[in-house]
Amino acid sequence: MAAGAKQEEQGDAYLPRMRPLLTLLLLTQTAPLLAQGPWRSGNDLELVRRAVSHRVSRDADTLLAAWQATARGVVRFASEVNHGSGPVERVIRADELRVEVYGEAPNRSKQIVVAWRDTSFLPNRVSYHRDHLGIVANDFGGVIRLGDGDEVRDLIHPLSPAGLDHYQFRLGDTLTLAAAKGVVRVVAVEVRPVDQAAAAAVGTLYLDLDRAALVRFRFTFTPASYRDPTVENITVTLENALQENARWLPWRQSIVIRRGSPLLDLPIRTVLRADWSLSDYALGVTHLPARFTGPLVAGLRRPAPDSTWGAPLALRLDLLPATAADVAEAEAEAMRALGGRLIDGLPGARLAARGVSELVHVNRVAGVTLELGARFSAGRGVTARVHGGFGFSDQRATGRLSLEKSFGATDLVVGAERTIGDFTGTQVISGALNSVRTALQGQDLGDYVMLERFRIGLNLTAGATRVRLVAAEEWSTSVATEFSPISGSSATNPALGAGQATVLSGSVRRRAVNGNGWTIDAEVASGDRDWGRIAVDGRTSTSFGAGALQLHLLGGIGTRELPGYRTFVAGGRGTLPGLPFRALGGRRLALIDLGWIRPITVPSPPIPNAQRIRLPSAFGPFVAAAIAGGGPSVIGEASGRVEPVAGLRLDLWGPLLRIEAGAALRTGHVGITLDVHPDWWPVL
């Protein structure tokens, strides 16, 4: 690879052009390693000993005695909300930086932030550790430190003299790759600590077999490594480029830090991710005597206006990789190396809930319901979860119990449950708002069925794709309305139960960092009724004019004996505002929603930390239509007639809130809804 890779003038502004060698290497990075031997001490492996010696002596290289480069990176702080079938990432704040990087033997470096811009999408008080605003200049040296030592402090590096005894290594595949001036042989080497309970790195090294140089290192850490009790895991990827066909120097880097609550396990995490690329290398330069004085990362202390950035930062985010897939791959490698041990840094035992409103909520069947759960790590990749609840109106106890064995990218789950929930399994309103509406006026937007079920499932992750396979024995029972609201009355709950069934189901899901993606669900059942069912759900968006076109497709089809609790519904809040709620229903359903939305400026809301930043809002029209067939239906009408609506959609402050107004084009009826944005419903 040649030095000084130039950045693209158009398109991807973050990454230098890929050189052929590294392109081939990255294409192989998701393939599983084929272990070629047992775990061994670094002293017993010649390649590892040579790699350690190479790192010790490289700073004496006269060509690299002084060098400089330009780094460009994006640091993003995001939420990661689990919507049931997997996490959805929502960026809260993003920062883009340009940094001048200088190096000099022995092992000295300096970074100067010369340009910095930021964009906030939600109210926040994010303050980064200074080292997250720069790159790893020498692949950490002899010890690994992150977050200025607050997250990980002074862990022994695998390729340090002390690492030869602290770690075990296992040789994997050898990749023979064609470079511009010859052939490069790269060996994959798995690494884990001798004492698996010790603070240490776990991952995969890629070493140049001929030069004994580090080409790539992706790793995470053992739980004992984390000093911050909120850190769930940290994933680091360092990639080098071959300069002058002789030396591997930093090219791309990413650091992902995922945090959760050490007390209550909720379906939300926060993610801090820094993605960097380096280019424009100059070797053998002369530095001023004072170049390396002062802090390691100097320059700008806060974002400053700069007209040289070009396109808005928000548009750059779609080019960034999704975090969940990268973390899952690193976790899978680490767990395999540790014999199935979980690498979660959070406490093994903590309380758990599927959302805040699960703790206390109200529906028309059970009334005021209290629920609470707990999560326990049983070791060797086994996690136990238990939930219990009690409804004060129907006097029923409900609960869930599951055991999950993780094999890295594959999870085996067995469980039993007795639950009362909305039959669709898809939220159309936030749980908190629905509880308030139900308690005050009986306006519950759920139609409930009781499920008692034993199940065994297999979850597989491959990059951004998630596959779920489940076999279950279940009993569905109709439940009656029992709750009396403060004013008004609650509607009668429909009869949806269908008795016993053995159900085999599967789903495939793929979702991008911006929320676009698709899901396919299928199931077959045999019992008191025999049925089959397929459902699809897809979302995509594309830039159009000053805004973006957004397309949502939803559809499903079931066999003639499909029971009421597996039918499809649409209409009203969440699908077709303007139509009565769940006016359409049947064994077949198709829905299309096409909208155009553009950014607008709206005054910041009167809430803390929102006045000092400009939060993005968006507004635009939409048209939607749905058709349902295959009656008779327990809920809604299977008329076989297309029902169109048109309206306006307003997403406010991040977005935190969504307002929709729609009119049914056949009747002229208008419906208006206000709620927290759907991205946050699983938490509320």
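The structure presented is a predicted model; accordingly, all values stated were derived computationally and were not measured.

So, about the overall build of the protein chain. The number of helices and strands found in the protein chain is 7 helices and 34 strands. Since a compact globule built from 684 residues should have a radius of gyration of about 26 Å, the 28 Å found for the protein chain is in line with a globular shape. Each principal axis of the C-alpha atoms in the protein chain carries an extent, and together these give about 85 × 55 × 45 Å. Counted over contacts in the protein chain with a minimum sequence separation of 6, partners at least 24 positions apart contribute 63%. Looking at the protein chain as shown, the accessible area adds up to about 29,000 Å², and 58% of this sits on carbon and sulfur atoms.

Looking now at the nonpolar core. Membership of the largest hydrophobic core comes to 60 residues, with the highest contact counts inside it found for Leu205, Phe221, Ile234 and Val236. For this core, the element with the highest residue contribution is strand β2 (residues 66-82), accounting for 6 residues. Aside from chain neighbours lying at most four places away, what touches phenylalanine 221 is Ile144, Leu146, Val152, Leu155, Ala200, Ala201, Tyr226, Ile234, Val236 and Ile343. Ranked by size, the runner-up nonpolar core spans 27 residues in total, among them Leu451, Leu496, Leu562 and Leu591.

Take the pattern of salt bridges next. All chains considered together, the criterion is met by 47 salt bridges. Measuring nitrogen to oxygen at the nearest pair gives 2.7 Å for the salt bridge that ties arginine 117 to glutamate 96. Linking arginine 117 in strand β4 (residues 108-120) with glutamate 96 in strand β3 (residues 87-104), this pair joins segments that are 21 residues apart in sequence. Of the two residues examined, arginine 117 and glutamate 96, each falls in the buried class. Close ionic contact of glutamate 358 with arginine 354 constitutes a salt bridge, the shortest N to O distance being 2.9 Å. A network of salt bridges, in which partner residues are shared, links Glu80, Glu232, Arg258, Asp265, Arg269, Asp344, Arg350, Arg375 and Arg385.

Let's shift gears to the environment of arginine 587. Examined against the element boundaries, arginine 587 turns out to sit in the loop between β29 (584-586) and β30 (588-600). Arginine 587 sits in the buried class, given a relative accessible area of 13%. Separated by 25 residues in sequence, arginine 587 and leucine 562 place their C-alpha atoms 6.8 Å apart.

Let's shift gears to helix α7 (residues 431-441). Owing to its 3.6 residues per turn, the α-helix aligns residues three or four sequence positions apart on the same side. Turning to α7, its buried residues number three or more, namely Gly431, Asn434, Ser435, Thr438 and Ala439. Viewed end-on, α7 has its buried residues packed into an arc of 125°, placing them on one side of the element. Against α6 (356-359), β17 (360-363) and β22 (448-462) lie the buried residues of α7.

Turning next to the side chain of glutamate 333. Its place among the elements puts glutamate 333 in helix α5 (residues 323-337). Assessed through its relative accessible area of 12%, glutamate 333 is described here as buried. Of note is the side chain of glutamate 333, whose polar atom sits 3.0 Å from the side chain of threonine 204.

Under the criterion given, the structure shown has 8 aromatic pairs. Aromatic pair phenylalanine 219 and phenylalanine 221: ring centres 5.4 Å apart, planes at 80°, arrangement edge-to-face. Of the two residues examined, phenylalanine 219 and phenylalanine 221, each falls in the buried class. A centroid spacing of 5.3 Å and a plane angle of 85° characterise the contact between phenylalanine 390 and phenylalanine 392, whose relative ring orientation is edge-to-face. A relative accessible area of 29% places phenylalanine 390 in the partly exposed class. Pairwise contacts between aromatic rings join Phe140, Phe217, Phe219, Phe221 and Tyr226 into one cluster. When the ring centre of tryptophan 309 is taken as origin, the NZ or CZ atom of arginine 98, which lies over that ring, is 4.3 Å away. The ring of phenylalanine 622 is capped by arginine 649, whose NZ or CZ atom sits 4.2 Å from the centre of that ring.

Analysis parameters
Residues numbered from 1 in each chain as written. Predicted model: local features only at pLDDT ≥ 70, side-chain atom pairs only at ≥ 80, totals over all residues. Heavy atoms only, no water. Helix = DSSP H or I, 4+ residues; strand = E, 2+ residues; numbered from the N terminus. Rg over C-alpha atoms; globule rule 2.2 N^0.38 Å. Contact = heavy atoms within 4.5 Å. Areas by Shrake-Rupley, 256 points an atom, 1.4 Å probe, with all protein chains shown as cover. Core = buried A, V, L, I, M, F, W, Y, C linked by side-chain atoms within 4.5 Å. Buried < 20%, exposed > 50% of the residue type's maximum accessible area, 1.4 Å probe, protein only. Salt bridge = Lys/Arg side-chain N within 4 Å of Asp/Glu carboxyl O. Arc of directions from axis to C-beta. Polar contact = N/O pair within 3.5 Å; in protein donor to acceptor, adjacent residues only side chain to side chain. Phe/Tyr/Trp six-rings, centres within 6.5 Å; stacked < 30°, edge-to-face > 60°. Lys NZ or Arg CZ within 6 Å of the ring centre and 35° of its normal.

Honestly, it's all geometry; don't read function into it.
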